[in-house]
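Now for the letters of each chain:
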Amino acid sequence: MRKHYLIEVAQNDQQIVFCPAKLIKEKTIKRIAFGSKSMEVEFLPHPDKDDRIVISRKIQEKIQFPYFKVPLHAFLEKEILYIGPLVGIFTAGFTEYPDQPIGERTLFFSKLLSVSRSVGALPFVFGEQHIDWEQGTIEGFFFYENAWQTVEVPFPNVIYDRLPNRKSEANPKLMKVRNRLQKEYLIPWYNPGFFNKLDIYERLQQDASITPFLPETYPFTSFSSIEVMLSKYGHVFIKPKNGSSGHGIHQIIYDKQTDDYFCRYQDETGQNRLRKYSSLERLFQSVFASQSLERMLVQQGIHLIRKDQRPVDFRVHTNKDDHGEWRVTAIAGKIAGQGSVTTHARSGGDIKTLDEIFTKEESKIYTDKLSNVALLLSTALDNNIEGIVGEIGFDLGIDRHGDVWLFEANSKPGRSIFSHPELKDFDFLTRKLSIAFAVFLTEQSLSHPEEIFK
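In this report, the structure presented in the accompanying data block is examined. (Residues numbered from 1 in each chain as written. Predicted model: local features only at pLDDT ≥ 70, side-chain atom pairs only at ≥ 80, totals over all residues. Heavy atoms only, no water.)

## Quick word on the overall build of the protein chain
- Helices and strands together make up the secondary structure of the protein chain, namely 13 helices and 27 strands.
- Taking the principal axes of the C-alpha coordinates as reference, the protein chain spans close to 90 × 50 × 40 Å.
- By residue count, 54% of the 454 residues in the protein chain fall in the buried class.
- Considering only contacts within the protein chain whose residues lie at least 6 apart along the sequence, 66% involve residues at least 24 apart.
- For the protein chain, the accessible surface area stands at approximately 21,600 Å², while carbon and sulfur atoms represent 47% of it.
- Of the charged side chains in the protein chain, 57 are positive and 59 negative, and the gap between their average positions amounts to 1 Å. (Helix = DSSP H or I, 4+ residues; strand = E, 2+ residues; numbered from the N terminus. Buried < 20%, exposed > 50% of the residue type's maximum accessible area, 1.4 Å probe, protein only. Contact = heavy atoms within 4.5 Å. Areas by Shrake-Rupley, 256 points an atom, 1.4 Å probe, with all protein chains shown as cover. Lys, Arg positive; Asp, Glu negative; His and termini not counted. Charge placed at Lys NZ, Arg CZ, Asp CG, Glu CD.)

In structure tokens, the structure reads:
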């Protein structure tokens, strides 16, 4: 385990850094760095402490180190001692209210930043309007001792992308910021972009080890293609390629006995509907009249395992840790609401732990199956998409035969499952590792930049 060091500020103007003797033993160190700022200093062994680094007030001001009493990492590379990492969390949607600087997402960010002490990093939130390109600084929003503070800091060691939606992601101004920080300043940027369902499916199809977990999925082309899938599987799902939170999902069911078609969906008022039609054409004319079908995909229906006659699927979170390794960080069951097309809580779904749904033996079997598949999928996605991926939320299903299926992969997974009181520890772990991964990226960017920027 890497060691964390408390950074103390001595009230003098000496250009001397006192640090643990073993840090500077047999090493030549000439500079100290924090984020993008560095300066030449003299290094001396600390006379009696091996768990802290002492810098002067003058050094603190020069490298723009905010004096938050959070133990940090120390990285030695090319005669420079880097303290940090300083982790910038890039987002949009800032307000003018000091207690709610990021609007309704303020609570999420305060919880995310509160892991700093356990991780040994200094995270802050910022938007494009907070960057001073001339000075190479950012007005960062820090959450320290249960309060928001803004502090001017250097450009960070790494940036964690937490843009709220696809609209902000496609904003030319924000795209320019990302490109500039990545290409001109060589700052590793992780979790960029939202996944496109069809694009993810097509990329994963290239990996033979993953194809057994992929339901047949196609872009919408014609009624005849849906007829073929209905005759094969009995039911299909129509989904938006770029949808989220279960919005716009329709289930189409074909009854061979009566030759009728049924459509289950949620209407504009949030009501779950099940309608019957005599033909597929009439169904589409009625339900999809105002929708753009070229934005839809068609997915094979799976006969899921059930609890109290209600379908069950699963949310599985994976995160890369501070060694860059994938780990399963949370698993929850989601039971569909009565008559709902999805298992989302907003449609009446219930969030449960696996132990609440299954017997102890079944829970162990399903936990192992879901974990193994989620790790395989994480590695496959990592290998097949551009950018640095640090976390994924999977929607997985298990059918009546015990086989696991991938329904969706989310690069910025929702956190509704963590409302369950028994999932609080998982909530903390996912937040902790999403920042801890920045420690690994910082270390890699200093020692093996060619691996990060290849």
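## Overview of unusual backbone geometry
- Each neighbour pair has its own omega, and for Gly84 with Pro85 the value is 5°, a cis peptide bond.
- Unusually for a residue other than glycine, Gln309 sits at a positive phi of about 65°.
- Inspection of the secondary structure puts Gln309 in the loop between β22 (306-307) and β23 (310-320).
- You can call Gln309 exposed: its relative accessible area is 67%.

## Focus: the side chain of Asp321
- Relative to the elements of secondary structure, Asp321 occurs in the loop between β23 and β24 (326-335).
- For the buried Asp321, no salt bridge exists, and the shortest N-O distance to an oppositely charged side chain is 4.2 Å, to Arg327.
- When neighbours within four sequence positions are excluded, Asp321 is seen to be in contact with Arg327, Leu433, Ala436, Phe437 and Phe440. (Salt bridge = Lys/Arg side-chain N within 4 Å of Asp/Glu carboxyl O.)

## Focus: the environment of Trp189
- Mapped onto the elements, Trp189 comes out in strand β15 (residues 189-190).
- Given a relative accessible area of 1%, Trp189 falls into the buried group.
- In sequence terms Trp189 and Leu230 are 41 residues apart; their C-alpha atoms lie 43 Å from each other.
- Setting aside anything within four residues of it in sequence, one finds Trp189 in contact with Phe90, Ile159, Asp161, Arg178, Leu181, Gln182 and Ile388.
- Among the polar contacts made by the side chain of Trp189, one reaches the side chain of Asp161 at a distance of 3.0 Å. (Polar contact = N/O pair within 3.5 Å; in protein donor to acceptor, adjacent residues only side chain to side chain.)

## Quick notes on the pairing of strand β12 (residues 137-144)
- Where burial is concerned, most of β12 is hidden: six out of the eight residues are buried.
- Relative to β12, strand β11 (residues 131-132) is paired through two bridges, and the arrangement is antiparallel. Looking at β12, one finds that Asp132 is bridged to Thr137.
- Linking β11 back to β12 in an antiparallel pair, the connection comprises four residues, with Gly136 at a positive phi of about 70°.
- Sheet analysis places β12 next to strand β13 (residues 147-154), joined by eight bridges and oriented antiparallel. Directly across from Gly140, in β13, lies its bridge partner Val151.
- What sits between β12 and β13 in their antiparallel hairpin is a turn of two residues, with Glu145 showing a positive phi close to 50°. (Pairing = 2+ DSSP bridges.)

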